[in-house]
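# Structure assessment
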Amino acid sequence: MSSGTRRLRRGLLMGVLLIAVLAGGALAFAGKHIAGEQVAYDGPKAAICIPQQLNVSDLLPGSEVAVSPLPGSYDASPQSQISFLGVPASELSDIEAVGSYTGGHAGQLEAYSQGDGASFVPEAPFRSGERVTVSGQVSGKPFSFQFTVAFPDPIPVKKETAAKPTDAAEGTVQRFHSEPELEPPSIDVTTDLPGVAPGDIFLAPYSGPARTGPMIATQQGQLVWMDQLPGNEKATNLQVESYEGKPVLTWWQGYIPPQGFGEGEEIVANTSYKQILHIKAGNGDLADLHEFHLEPENTAILSVFHTIHCNLTSVGGPRDGAVTDGLFQEIDVKTGLVRREWTSVDHVGLTESYSSPVKASTAWPFDYFHINTVDPRSDGTTLISGRNTSALWLINTKTGQVIEKVGGRKSTIQMGEGSETAFQHDAMTLPDGDVSIFDNGGVPWKHEQSRGVVVDIDFKTHTDTLVQELDHDPALKAGSQGDVQLQPNGNYFIGWGQEPYFSEFNADGEMIYDAHMPEPGKPTNSYRSYKFEWHATPYWSPVLAAQRSGSEMEVWASWNGATEIASWRLLGGSSAEALEPLATVQSSGFETALKAGYTPFVAVEALNAEGAVIGNSKPVSPTE
């Protein structure tokens, strides 16, 4: 071939490539990689999301290094970092990521703070539909694997709107003179018998007649603390955890679309309610509302609902469909890097679902798995609850592979009488090895009512035996949400999810405590309800309202979130700089009323059980 002919062909090829670039990469989506490899699909309307082989190991062959995205997967996010977990960062070298459309990606290898791995963080995202080849060396040994980037199907986040005063019916919200903008839901306690565990009630109401936000209440139903949220901001999963050896509050906060998952972040606050951490999901995702907990060595587990385009004709759905990939990420709290990512689409077949794909669309993806619990266990396994499979999935924590299936279609465990759950939530391993579960029982309804259960799942004998059943009287049917929490004294505290109830049962299964939030009209939902002991002193000051009536005045004092107040001291005087004690009264709950003769200026001091001042308000003048 002459040099002129070669130049002509090279020119024609460059011209074709230039036309493709100007056309927005049309060649890339026409079915061919630039490198000549076949693309598995030709765009989002025919996107493949299911790997050719389900449930493969995430370990690189011949090594103890777990990688994500999973080799051979089709559901990677365009913003994926490439995670290597199992060896120090110094053992990783020559890492390269080459996209079949975008070519080589510059990036940084960033080490985990735990010293056991690193993530390659590309400077630019990958392109949907391309195959990415990752290569490098681990401890001097070469490796290479591939994954394919999904076409995301994002659910729009509604813009936040300003909060407006509610017109809630009398008795459905708590109201206070000193905090007039604060409107938490009222709590009606109907059963309170001896033997309940000590502690306060932890809720996160996000619907109903009252305002929304994370909330703590006493067992008697009085408010302790609420972080009232504006507009479309919601919160779930408020609980007490430990961070760096100290107790903290954690909760999810964000937007809840109609599709039934969360798009937000995880918040960690200390015992003065200062928000010390905002933990976000990685790989371009938003944290989901269902699961979050802090783990040892500054790691955290959180759930993500990753909606992607998917051809669902193989399971009776539309070609131009979408699926919700239920996944969890292990986050390095110090760096924000993704240490590992497990995805349901890569490990659990779409046919395992009790939901139907027939009417799935890009607006309402096929939510076939619906992850709601991730429970790392001390034996090197992790227990996962997939609501829409009516099954628990036991995975090998290191490899990510499913090793047992409890319930659902073709269970690998023999289910004993009464042990089978339906559309369950909150499967947690207890100290003795048993598992507590909130068994919703529907929807569609498989059981007569929702219940809490404790089961003995013996993975050696492959049997599941019902140990205890906890039923509400009268019966409740909670079609979604809910949790079961073991208390230090052996009791069980249950949040009934979609039903606005929370209850406590003793070791004999007797319901010894029961309370509920407002029911009229739209019931108040709290995804989970917990009971913890909590001690806090807010970083903000107490507040008061004062009203004059002739020669007398009445003052109302409160300190949102304070748990150590034993009494209040009222101060008064002719000026803000000359205040003297007027009265001292025992604290009577969130807000305490005090009375005294009129003075032009008043303030309050919060006193603890020893009589020491732990907080004081600014002086104000009583209103007429």
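All values derive from a computational prediction rather than experimental measurement.

### Some details on the overall build of the protein chain
Tallying secondary structure elements over the protein chain gives two helices and 41 strands in all. Against the compact-globule benchmark of 25 Å for 624 residues, the protein chain has a radius of gyration of 28 Å, which places it among compact chains. Taken along its principal axes, the extent of the C-alpha atoms in the protein chain is 110 × 60 × 45 Å. The buried share of the protein chain, taken over its 624 residues, is 55%. Sequence-distant contacts, at least 24 apart, represent 57% of the contacts inside the protein chain between residues at least 6 apart. Accessible surface computed for the protein chain: about 26000 Å², of which carbon and sulfur atoms make up 52%. If the 40 positive side-chain charges of the protein chain are averaged to one point and the 75 negative ones to another, these points end up 12 Å apart.

### Brief notes about the sheet that holds strand 19 (residues 321-332)
Consider a sheet: its strands pair through backbone hydrogen bonds, and that pairing is either parallel or antiparallel. Strands sit in the order 17-18-19-20 across an open sheet of four strands; the sheet is antiparallel. At either margin of the open sheet sits one strand with a lone partner, and together these are strand 17 (292-295) and strand 20 (338-343). Put simply, the sheet's adjacent strands are angled 30° from each other on average, direction ignored. Relative to strand 20, strand 19 runs antiparallel, the two sharing five bridges. Among the inter-strand pairings, glutamine 329 is bridged to a residue of strand 20, identified as glutamate 341.

### Some thoughts on the packing of aromatic side chains
Across all of its chains, the model carries 20 aromatic pairs by this definition. Judged by centre distance (5.3 Å) and plane angle (90°), the rings of phenylalanine 202 and phenylalanine 532 are edge-to-face. Pair noted here: phenylalanine 202 is in strand 10 (residues 200-203) and phenylalanine 532 is in strand 34 (residues 530-532), with a separation of 330 residues, a long-range link. Their ring planes at 70° and their centres at 4.9 Å tell us that tyrosine 539 and tryptophan 540 sit as a pair that is edge-to-face. The exposed category is assigned to tyrosine 539, whose relative accessible area is 51%. Members of the aromatic cluster, connected to one another through ring pairs, are Trp225, Trp251, Tyr273, Trp534, Tyr539 and Trp540. Just above the ring of tyrosine 354 sits the side chain of arginine 409; from NZ or CZ to the centre is 4.1 Å.

### Notes on unusual backbone geometry
A cis amide bond links glycine 442 to the next residue, valine 443, at an omega of 20°. Tracing the sequence through the fold places valine 443 in the loop between strand 27 (435-439) and strand 28 (451-458). Residue proline 474 is reached from aspartate 473 by a cis peptide bond, and omega for that bond is 5°. With respect to the helices and strands, the residue proline 474 is situated in the loop between strand 29 (463-470) and strand 30 (483-486). Positive phi, close to 60°, is recorded for asparagine 283, a residue that is not glycine. Within the element layout of this structure, asparagine 283 appears in the loop between strand 16 (275-279) and strand 17. Judged by relative accessible area, asparagine 283 falls into the buried class, the value being 6%. The residue histidine 462 is not glycine, and still its phi comes out positive at about 55°. As for its position among the elements, histidine 462 is in the loop between strand 28 and strand 29. Residue classification places histidine 462 among the partly exposed positions, given a relative accessible area of 31%.

### Overview of the nonpolar core
Residues Val323, Phe328, Trp342, Tyr368, Phe369 and Ile384 are the most contacted members of the largest nonpolar core, which totals 26 residues. Listing elements by their share of this core, those giving two or more residues are strand 18 (299-310), strand 19, strand 21 (371-376) and strand 23 (391-396). A per-element tally of this core places strand 18 first, with four residues. In contact with tryptophan 342, not counting residues within four places along its chain, are Gly326, Leu327, Phe328, His347, Val348, Phe369, Ile384, Ile395, Gly400 and Val402.

### With respect to the sheet that holds strand 14 (residues 246-255)
Spatial strand order, 13-14-15-16: four strands in an open sheet with antiparallel pairing. Unpaired on one side and paired on the other, strand 13 (234-243) and strand 16 mark the two borders of the sheet. In this sheet, adjacent strand axes meet at a mean angle of 25° when their direction is disregarded.

### Digging into the confidence of the model for the protein chain
Looking at the protein chain, the pLDDT average stands at 92 and 92% of residues meet or exceed 70. Under a pLDDT of 50 for its full length, residues 1-40 has, in the predicted model, 39 contacts with residues more than four places off or in other chains.

### As for the pairing of strand 35 (residues 543-549)
Examined bridge by bridge, strand 35 and strand 36 (residues 552-558) share seven bridges and lie antiparallel to one another. Counterpart to leucine 544 in the pairing with strand 36 is alanine 557. Where strand 35 hands over to strand 36, the hairpin turn is made up of two residues, of which glycine 550 adopts a positive phi near 70°.

### Notes on the pairing of strand 2 (residues 82-85)
Where burial is concerned, the two faces of strand 2 agree: the one with Ile82 and Phe84 and the one with Ser83 and Leu85 are both buried. The pairing of strand 1 (residues 66-68) with strand 2 spans three bridges and is classified as antiparallel. Within the sheet, the bridge partner assigned to valine 67 lies in strand 2 and is phenylalanine 84. The pairing of strand 2 with strand 6 (residues 117-122) spans four bridges and is antiparallel. Across the sheet, residue leucine 85 finds its bridge partner in strand 6, namely glycine 117.

### Overview of the state of the cysteines
The tally for this structure, following the rule as stated, stands at one disulfide. The disulfide bridge from cysteine 49 ends at cysteine 310, spanning 2.2 Å between sulfur atoms. Between cysteine 49 and cysteine 310, the S-S dihedral sits near -60°, and the bridge is therefore left-handed. Placement of the pair is cysteine 49 in the loop between helix 1 (3-22) and strand 1 and cysteine 310 in strand 18, with a sequence separation of 261 residues. For the pair cysteine 49 and cysteine 310, one class covers both residues: buried.

### Remarks on the environment of serine 436
Relative to the elements of secondary structure, serine 436 occurs in strand 27. Between the alpha carbons of serine 436 and leucine 486 there is a distance of 8.2 Å; along the sequence they are 50 residues apart. Excluding residues that lie within four positions of it along the chain, serine 436 makes contacts with Asp426, Ala427, Met428, Leu430, Val453, Val454 and Val484.

### A closer look at the environment of serine 73
Inspection of the secondary structure assignment puts serine 73 in the loop between strand 1 and strand 2. Among residues more than four places away in sequence, those in contact with serine 73 are Pro51, Gln146, Phe147, Thr148 and Asp346.

### Thoughts on the side chain of arginine 451
Looking at where arginine 451 falls in the secondary structure, it is placed in strand 28. What makes arginine 451 buried here is its relative accessible area of 6%. A polar atom in the side chain of arginine 451 sits 2.7 Å from the side chain of aspartate 439. Among residues more than four places away in sequence, those in contact with arginine 451 are Gly418, Ser419, Glu420, Ile437, Phe438, Asp439, Leu466, Glu469, Leu470, Asp471 and Trp496.

Definitions and cut-offs
Residues numbered from 1 in each chain as written. Predicted model: local features only at pLDDT ≥ 70, side-chain atom pairs only at ≥ 80, totals over all residues. Heavy atoms only, no water. Helix = DSSP H or I, 4+ residues; strand = E, 2+ residues; numbered from the N terminus. Rg over C-alpha atoms; globule rule 2.2 N^0.38 Å. Buried < 20%, exposed > 50% of the residue type's maximum accessible area, 1.4 Å probe, protein only. Contact = heavy atoms within 4.5 Å. Areas by Shrake-Rupley, 256 points an atom, 1.4 Å probe, with all protein chains shown as cover. Lys, Arg positive; Asp, Glu negative; His and termini not counted. Charge placed at Lys NZ, Arg CZ, Asp CG, Glu CD. Pairing = 2+ DSSP bridges. Axes fitted to C-alpha atoms, helices over the stretch in contact; angles between N-to-C directions. Phe/Tyr/Trp six-rings, centres within 6.5 Å; stacked < 30°, edge-to-face > 60°. Lys NZ or Arg CZ within 6 Å of the ring centre and 35° of its normal. Core = buried A, V, L, I, M, F, W, Y, C linked by side-chain atoms within 4.5 Å. pLDDT = per-residue confidence, 0-100. Disulfide = S-S within 2.5 Å. Polar contact = N/O pair within 3.5 Å; in protein donor to acceptor, adjacent residues only side chain to side chain.

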